[in-house]
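# An overview of the molecular structure
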Amino acid sequence: MKIWNSLDDVPAKTGQTVVSLGCFDGVHRGHQLLLARLLNAAETNAAKSVVVTFDPLPAQLLYPETAPLAVMALEDRLAALKVEGVDAVLVIRYTRDVAAQAAEVFVEKVFVKTLHAAAVVVGEDCRFGHGRAGNIETLRAAGLRWSFDVSVLGDRTAGGTEGRRYSSTWVREALSSGDVGIAEQILGRPHRIRMEVTRAAGSWRTKARAVQGMLPASGDYAGWARVGSGERIPAIIRIPGRASLATDITVELQMPADRYAEKSPGMSRNIFFDFSSTS
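The following refers to the structure shown. The structure presented is a predicted model; accordingly, all values stated were derived computationally and were not measured.

## Here we look at the sheet that holds strand β1 (residues 2–4)
Pairing is parallel across the open sheet formed by 6 strands, whose spatial order is β1-β4-β3-β2-β5-β6. Two strands lie at the open edges of the sheet, namely β1 and β6 (149–153), each paired on one side alone. Across the sheet, the mean angle separating the axes of adjacent strands is 25° when strand polarity is ignored. Where helix α5 (residues 103–114) meets the sheet, its contacts fall on β2 (17–21), β3 (48–55), β4 (88–93) and β5 (117–123), and the angle it forms with β3 comes to roughly 130°.

## A short note on the packing of α5 against helix α6 (residues 136–146)
At their nearest, the axes of α5 and α6 sit 11 Å apart, and the two run at 50° to each other. In terms of axis orientation, α5 runs oblique to α6. Regarding α5 and α6, the two cross each other, and that crossing is right-handed. Taken together, the residues of α6 that come into contact with α5 (itself represented by A103, E104, V107, E108, F111 and V112) are T138, L139, A142 and W146. Considering only residue class, the contact of α5 with α6 consists of 7 nonpolar, 1 polar and 2 charged.

## Overview of the nonpolar core
Ranked by internal contacts, the top residues of the largest apolar core, which has 30 residues, are I193, M195, I237, I249, V251, F273 and F275. When neighbours within four sequence positions are excluded, F275 is seen to be in contact with V180, E184, P190, H191, I193, P216, Y221, A222, I237 and I239. Ranked by size, the runner-up nonpolar core spans 29 residues in total, among them W4, V10, F54 and A142.

## Notes on the pattern of salt bridges
For the coordinates displayed, the defined rule picks out 12 salt bridges. A salt bridge links R165 to D125, with the shortest nitrogen-to-oxygen separation between them at 3.1 Å. Placement of R165 in strand β8 (residues 164–165) and of D125 in the loop between β5 and α6 is noted, with a sequence separation of 40 residues between them. The partly exposed category is assigned to D125, whose relative accessible area is 44%. One salt bridge in this structure joins E137 and R140, with 3.2 Å as the shortest N-O distance. Of the two residues, E137 and R140 both sit in helix α6, 3 residues apart, roughly one turn of that helix.

## Focus on the packing of aromatic side chains
If you walk through the whole model with that rule in mind, you get 7 aromatic pairs. Centre to centre, the rings of F54 and Y94 are 5.4 Å apart; their planes meet at 80°, and the pair counts as edge-to-face. With a gap of 40 residues between them, F54 in strand β3 and Y94 in the loop between β4 and α4 (96–99) connect regions that are remote in the sequence. Y94 carries the same exposure label as F54, and that label is buried. Taking 5.4 Å as the distance between ring centres and 85° as the angle between the ring planes, the aromatic pair formed by Y221 and F275 counts as edge-to-face. Of this pair, Y221 sits in strand β11 (residues 219–227) while F275 is found in strand β14 (residues 268–275), placing the two residues 54 residues apart along the sequence.

## Points about the side chain of S168
With respect to the helices and strands, S168 occurs in helix α7 (residues 168–176). Owing to a relative accessible area of 13%, S168 belongs among the buried residues under this scheme.

## Concerning helix α1 (residues 29–44)
Look at α1: 23 Å from first C-alpha to last across 16 residues, which is about the 22 Å you get at 1.5 Å a residue. By the burial criterion, the buried members of α1 are G30, H31, Q32, L34, L35, L38, A41 and A42. Once α1 finishes, A46 follows within two positions and takes phi at roughly 50°, a positive value.

## A short note on the pairing of β4
Counting buried residues in β4 gives 5 out of 6 residues, a clear majority hidden from the surface. Here β1 pairs with β4 via 3 bridges, running parallel. In the sheet register, I3 faces β4, and the bridge partner there is V89.

## Here we look at the pairing of β11
One ladder, built from 8 bridges, connects β11 with strand β12 (residues 232–239); its direction is antiparallel. Counted as the bridge partner of D220 is R238 from β12. Between the end of β11 and the start of β12, which pair antiparallel, lie 4 residues, with G228 showing a positive phi angle near 60°.

Cut-offs applied
Residues numbered from 1 in each chain as written. Predicted model: local features only at pLDDT ≥ 70, side-chain atom pairs only at ≥ 80, totals over all residues. Heavy atoms only, no water. Pairing = 2+ DSSP bridges. Helix = DSSP H or I, 4+ residues; strand = E, 2+ residues; numbered from the N terminus. Axes fitted to C-alpha atoms, helices over the stretch in contact; angles between N-to-C directions. Contact = heavy atoms within 4.5 Å. Parallel < 35°, antiparallel > 145°, perpendicular 65-115°, else oblique. Left-handed = near helix turned anticlockwise from the far one by under 90°. Nonpolar A, V, L, I, M, F, W, Y, C, P; charged D, E, K, R; others polar. Core = buried A, V, L, I, M, F, W, Y, C linked by side-chain atoms within 4.5 Å. Buried < 20%, exposed > 50% of the residue type's maximum accessible area, 1.4 Å probe, protein only. Salt bridge = Lys/Arg side-chain N within 4 Å of Asp/Glu carboxyl O. Phe/Tyr/Trp six-rings, centres within 6.5 Å; stacked < 30°, edge-to-face > 60°. Expected span 1.5 Å × (residues − 1).

Quick look at the structure:
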């Protein structure tokens, strides 16, 4: 999968594409249905499938005090999109200038002139552009002008359970209540966070910081950790009631000391932790 971090990264000879636009936070089962439609449309049009997404998430820039936490780190968002089989992802750095851009200008600049879109595939709640004024009708009008098709995945076909459609909001609610099992059902895989850990001398418990991804409610959770590029390790993560993205948490690795990848105490390593739904 190609990753383009700006419009300038997109090769001039990319050819026609089929595009989907959104935050894709969580890349949950609803997103996966949308991506399946994207891939099908790309095959029909003999074009590349491209996801256009944003970093940071728009709400985090525009409403930092009230914006919901990101379900997952950008690195994991990209990894999940790769698993779904997308050809390329265009990550647009979300700035005030991007936020101020009129929806019609965004479509022309990104979909038409940069990606040469033959079709656009979105959910019916799609909103974009200045003041979130862009919507399905904006896309359809642009499609008539610039000759691309628009395919819309309706809420009733976006999947779900118990009368509720899959959504990032539902994932956050499940994590906030500590129900990582429900979160896994919505995501279609275990919830994952990334962090930095520093091993204390004489202990296989590690202090974690710089957490990326949403922490569930306080408690002890079983799961799997991967330290650096090493193997998956059974682990327990302890999240205190005061935990936040800036607060230390504890990860206890369930393995013999001689198998730990880092021998020197005090040295930081990057890890990710997958929460087990059976904890």
